Every structure is written in structure tokens, then in C-alpha cells.
Amino acid sequence: MANESDTPARPGGFRVSSLWSWLPWLSAPRGVRAEVPEVWPGDPDAGSRLLNGHFAHAGETHRLDVDNPVLPETASDDWSRWFHGHGWLEDLGALGGGKAPYFSRAWVNLWIEREAEWPALAHTPEVTAERLMNWVRHWTFLVREDAAGPFGTLLRHTAGRDARRLLGTLPLPSTGFARLHTAAGQAYGAFALLGGEGRMTRTRRRLEEEVAAQVLGDGGHVERNPEQLARVLKDLLELKAMFIATTGEVPGFVQNAIDRSAPMLRALRHPDGGLAVFNGGLESEPAWLDQMLAHTDSKGLAVAGAPHTRFRRLQAGDVCLIMDCGEPAPVGRSPHAGTLSFELSIGKRRMIVNCGSRSGHSAGSDAIWRTALAGTAAHSTLTVNDTSSAAFDAEGRIRRGPVDVRCEHQEQDDGQGVIASHDGYATAFGLTHQRTVYVAAHGCDVRGEDRLIGTGGEYYTVRFHLHPDVKASMLGDAHGVLLRIGGRDAWRLRTSCDEVRLEDSIYLGRAGSVRRTEQIVMKGPLSGAGAVVKWALTREAG
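Residues numbered from 1 in each chain as written. Predicted model: local features only at pLDDT ≥ 70, side-chain atom pairs only at ≥ 80, totals over all residues. Heavy atoms only, no water.

*Asks:* Can you walk me through the environment of Ala-267 in this structure?
*Replies:* Following the sequence through the fold, Ala-267 ends up in helix H12 (residues 252-267). For the pair formed by Ala-267 and Ser-80, sequence separation is 187 residues and the distance between their alpha carbons is 31 Å. (Helix = DSSP H or I, 4+ residues; strand = E, 2+ residues; numbered from the N terminus.)

Following this line, the structure appears as C-alpha cells:
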């Protein structure tokens, strides 16, 4: 039997073995030690669709039949993690009674009976943790009087076995959130199912260490992915509810991490309520983010600067600019080469964006998408010779990238700005990229300068990817672009660059959505003396 220690999981996680199949049955828990409440109410409409076989998650739907449970080969990794993690119990639980408990038990029973047949992803520590937490939160829903027979016994033994097995492993630190999520599942297993003072003490200590390692001093997450930060905050709030149910109190390190993370999450939201699209994260649903932040009871305002997570937020009038001033994270599944890129909103409408991500999708052709969307050219910043400022291996881990990234915030009477630089092009081209961005106090003027310092390279390209709702047209002198947002609001882009054009682009900022859009491209030669590109966005009078 595995020891309850911090043993790294192998890449495929753990699989069902004959030893684990029978040994833990000897000491199965009697059930949950306390009823752990659901923090997030499910969607009864989605629950009704599930009863008809429509398993939908993050814009991806597959039709499944419990009598012929063949999973689609086209399913993404994100959808598969949700399915094998039994996230669908949340929406079925929202239906309360009727067919929902029977339908849920049928699928849980089927999953357990066929668990040895499921792919390796279903047995990774991260997904096992998610499944265990969903079983604990929906225990009463699943195991009612009419299920107190064989199914109740099967669930108790399987949950106990998985809880013990989970306590014996953690994914490697390089996996980032997956490791923290597994530690959360360990806490559920120890406190809500297995008990034991020594076991609970060790598990709590391990969780505290992981929270300290991943939730940075400014409240951001070590992966520098806004959507991942939202998932971290979700886990923290669920852990808070679990600890209250099982011990009657909230550990200080959990509450402290919640209090720090909430203002950081607010800082990474655009005025439309969605998240900025950086480092593999997507916008997320504003209503979900609102609900989560309401649960924090934190009144902390959005921070303007994040010294550890390295984002900067400039806001004046109805203009909001969020800029990535840090290097790609060395942990997690989806770092991007977007250093010094920014996103810009006017009111509740996004104007300049990054292209987004397909990091949760499976291998094959989607791997090409992931590589392209992680590249610098898919971000609103500058490239040299159309080369990314960072490169990643086939698993998404960083191979090279900026090492020296600097950022300085400037506060002036007439506005605020950021001066930042990175050395991602130093080794290949002997160049440092410096970007200066300024937002006027009246919110009608955004100015910037992209400077390359050094002597290498053949040409530079500055790209501003436009949100699909923005209508763009070239100005008559071919040195600028007119941008219309929401019909009446118009902005004019002017630049010192001689070559300016509009090209096709694409936006994958929302789950399950691929939208065509355009990008402003400013291109020029490098002749051994670096380059300076000035640009300005000015609101049109009207």
C-alpha cells in the first residue's frame, strides 16, 4: 500500500491495480463524517439536458447513453476531465429529486464498474481528487434510503480506497494547479471521509505548504493565468466550506489566501466582467466570477500593480488597460510567450486583445493550435523576425524565454503609465524590447512606444489583435486605422511606422468559441541600430 507521503505521481497518474481493488475494502468509511455543503448551485436546466443524455461543459457537448457508454474520440481534455471528475453531479443535484438521483447513481455505478477501462487521464491524481470531492459534496443526494444497498456499499468502498490512494501521491511541482487541486482532494478525503488525527494533521500541513507555494504574496497564482487563479479561489472557498463542516473552523492560511486572491482576481477582470486573456486563460463567465467573489466577503479593491504576479492595470475614465509585465511561468500546462502584451477595453467593450487559447484540448491537430496561440505573434505586442520571445516543448513546458523582465509604474498629474522591458530576444538577436504605455487621466488618449535596443534582427512586427466586435478601416494616408466600437464610439490609431495594414486574425477567448477578427500590423526593417515605433489611440470627437 502506498505511504501517505508527498510521493510524486508518475506522468499517467495511478491506475487501478488488483491490490488496490480489494485491500481497502477491509476498512471502508461508513460514509461522510459530516455533510459538506455545495458552495455553487448547479443549473437545473443543464441538469434536465443531462437527463436526456446531453453532457455539456464549457461550450462542448457530447451525447451519451448509460446503456451504451461509448465516449467520443473527439472529446477535449477539458471535457474529459470534467466527465471523469463527475462535475455533472452539480447540475443533476440542482434538480433535487425525480429521475436525477437515479440517473446520477446509474452513471456513478457504471463509472466505478468500468474504471479499469477508462483512459489514463481519468485516473490522474488531479481528476481523482475532483471526482472524490464531487462524491463527498453530493453524498446525501447519491446515497438515499433507496440506495442504501449495493450501490451505497460500492460508493463507500470506492471512495475510501481512492481517498487512501490519493493521500499517497502528489503531482510534481511543475504541474502547478494540478498539484494544488490534488492537495485539496487529499484534504476532502482525510477530513470528510477517513478521519484520524495524525492523518488530518499531516494532510492539513501538506495543504498549507502547497497554498503557500502557489498563492503569491500579491494574491496571484504562480502560473500567471487569470482563469487558473479563478480555479484556485474556487478550491479555496470549497475547502473553507469543508473545514467548517468537519472541524467547525477555517484554517488561517485558507482565509488569508482567499483575502489576498480576491482583489487580484478583480484586477484581472475587464469592465465587461470577464477575465483578461493571458497565459492560456479564457474570459470565463462573468456571473460565475461575480458569484465567487461574493462568497469571499472580501471588500479589497482591484490592485493596480502586482509585484509578484507581474501584471499592471491602468484605468482612467472608461479606459481599462491590463498589461503582462512578467516572464512565462515555469509551471503549469499553458504558459504563453506574451510578455509585454496588453489588452484594452473601452467601457464594457474590448478593443485590443490577445488571441486566446486551446490549451485544454487534446493532441493531434489541436496541438498545432496550442503552439500557434502560445506564440508571441498571437499576442498584442512586438516580435523580431516573427520569432517568439519564448519557446516551449511538446508538453507546454518552457524551453527558453525572457530572464530579465523589468517594470516601472509611473503616476503623473495628467495620467499614468508603465515602462517595461524584457530580454527574450537578447540571445538570438542581441535585442531588448522596451514598451512604454501611457493612459491620459481624461480617458481619451492612450499612447505607447515600442523600442528595440541593440544591433541584431532583420525586421520587427508590432501587432494589435482586435476583438471581433471592433470594426476597423484604414485611414486614407495608410498611416493609421479607424476603430469603431459599438456603433458610435470611434478611436483613431496613428503610428510612426511606415508600413501599417489590416490582416486576418482569430479570437478564442471564450470556451467553445472560435471567431474571425482582424489585427493591426505595423512592420519595419532593422538595420543594426534597433528601432523605435510610436503609436497613439485617440478618441474621436462626436
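*Asks:* Can you help me understand helix H5 (residues 100-113) in this one?
*Replies:* Here H5 spans 20 Å end to end across 14 residues, near enough to the 20 Å set by a 1.5 Å rise per residue. A large share of H5 lies buried, amounting to 10 of its 14 residues. Within H5, the full set of buried residues consists of Ala-100, Pro-101, Phe-103, Ser-104, Arg-105, Trp-107, Val-108, Leu-110, Trp-111 and Ile-112. (Expected span 1.5 Å × (residues − 1). Buried < 20%, exposed > 50% of the residue type's maximum accessible area, 1.4 Å probe, protein only.)

*Asks:* Looking at this structure, how should I read the packing of helix H11 (residues 226-247) against H12?
*Replies:* Two packed helices can be described by the angle between their axes and the distance between those axes. Closest axis-to-axis distance for the H11/H12 pair is 10 Å, and the angle between their directions is 150°. By the angle between their directions, the pair H11 and H12 is classed as roughly antiparallel. The chirality of how H11 crosses H12 is left-handed. Contacts between H11 and H12 involve Pro-226, Leu-229, Ala-230, Leu-233, Leu-236, Leu-237, Lys-240 and Phe-243 from the former and Val-254, Gln-255, Ala-257, Ile-258, Ser-261, Ala-262, Met-264 and Leu-265 from the latter. Of the residues assigned to the contact of H11 with H12, the class counts are 13 nonpolar, 2 polar and 1 charged. (Axes fitted to C-alpha atoms, helices over the stretch in contact; angles between N-to-C directions. Parallel < 35°, antiparallel > 145°, perpendicular 65-115°, else oblique. Left-handed = near helix turned anticlockwise from the far one by under 90°. Contact = heavy atoms within 4.5 Å. Nonpolar A, V, L, I, M, F, W, Y, C, P; charged D, E, K, R; others polar.)

*Asks:* How do you make sense of the sheet that holds strand S20 (residues 531-539) when you look at a structure like this?
*Replies:* The pairing of strands in a sheet comes from backbone hydrogen bonds and takes either a parallel or an antiparallel form. Sheet architecture is open: 8 strands sit in the order S10-S11-S12-S13-S20-S17-S16-S15, paired in antiparallel fashion. Either end of the sheet is taken by a strand with one partner, and the two such strands are strand S10 (405-412) and strand S15 (470-474). Direction aside, neighbouring strands of the sheet carry axes that sit 15° apart on average. Where strand S16 (residues 480-485) lies against strand S17 (residues 489-495), 6 bridges are found, and the strand directions are antiparallel. By the bridge assignment, Ile-485 is partnered in S17 with Asp-489. (Pairing = 2+ DSSP bridges.)

*Asks:* I tried to follow the pairing of strand S14 (residues 459-466) on my own but got confused; where do I start?
*Replies:* Two faces make up the sheet, and in a regular strand the side chains alternate between them. Counted residue by residue, S14 has 7 buried out of 8 residues, so it is predominantly covered. With 2 bridges connecting them, strand S6 (residues 349-353) and S14 associate as antiparallel partners. When the sheet's bridge partners are listed, Val-353 is paired in S14 with His-465. Across 7 bridges, S14 lies against strand S19 (residues 515-525) in antiparallel orientation. Paired with Val-462 across the strands is Met-522, a residue of S19.

*Asks:* So what exactly am I meant to see when it comes to the packing of helix H9 (residues 177-194) against H11 here?
*Replies:* In contact at an axis separation of 10 Å, H9 and H11 are set at 10° when each is read in the N-to-C sense. Judged on the interaxial angle alone, H11 and H9 are roughly parallel. Facing Phe-177, Leu-180, His-181, Ala-184, Ala-187, Tyr-188, Phe-191 and Ala-192 of H9, the residues of H11 in contact are Gln-228, Arg-231, Val-232, Asp-235, Glu-238, Leu-239, Met-242, Phe-243, Thr-246 and Thr-247. Class assignment of the residues belonging to the contact of H9 with H11 gives a composition of 11 nonpolar, 4 polar and 3 charged.

*Asks:* I keep staring at the nonpolar core and nothing clicks. Help me out?
*Replies:* Within soluble globular proteins, side chains that are nonpolar generally end up buried alongside one another. The biggest cluster of nonpolar side chains holds 82 residues, and the ones touching the most others in it are Phe-55, Phe-83, Trp-88, Val-108 and Leu-265. Those residues in contact with Phe-83 that sit more than four places away from it in its chain are Phe-55, Leu-64, Leu-71, Trp-88, Trp-107 and Trp-111. Counting residues in each nonpolar core, the second largest holds 43 residues, with Tyr-425, Leu-431, Leu-452 and Trp-491 among its members. (Core = buried A, V, L, I, M, F, W, Y, C linked by side-chain atoms within 4.5 Å.)

*Asks:* Teacher, can you tell me more about the environment of Gly-273 here?
*Replies:* With respect to the helices and strands, the residue Gly-273 is situated in the loop between H12 and helix H13 (286-296). Residue classification places Gly-273 among the buried positions, given a relative accessible area of 10%. Spatially, the C-alpha atom of Gly-273 lies 22 Å from that of Ala-257, the residues being 16 residues apart in sequence. Ignoring any residue separated from it by four or fewer positions in sequence, one finds Gly-273 in contact with Pro-286 and Leu-289.

*Asks:* Help me understand helix H6 (residues 125-137), please; the structure alone is not making it clear to me.
*Replies:* Note that an α-helix has 3.6 residues per turn; residues three or four places apart therefore point the same way. Over its 13 residues, H6 runs 18 Å from end to end, which matches the ideal 18 Å to within 8%, given 1.5 Å per residue. The buried fraction of H6 is high, at 13 of 13 residues.

Any link to function would need more than the numbers given here.
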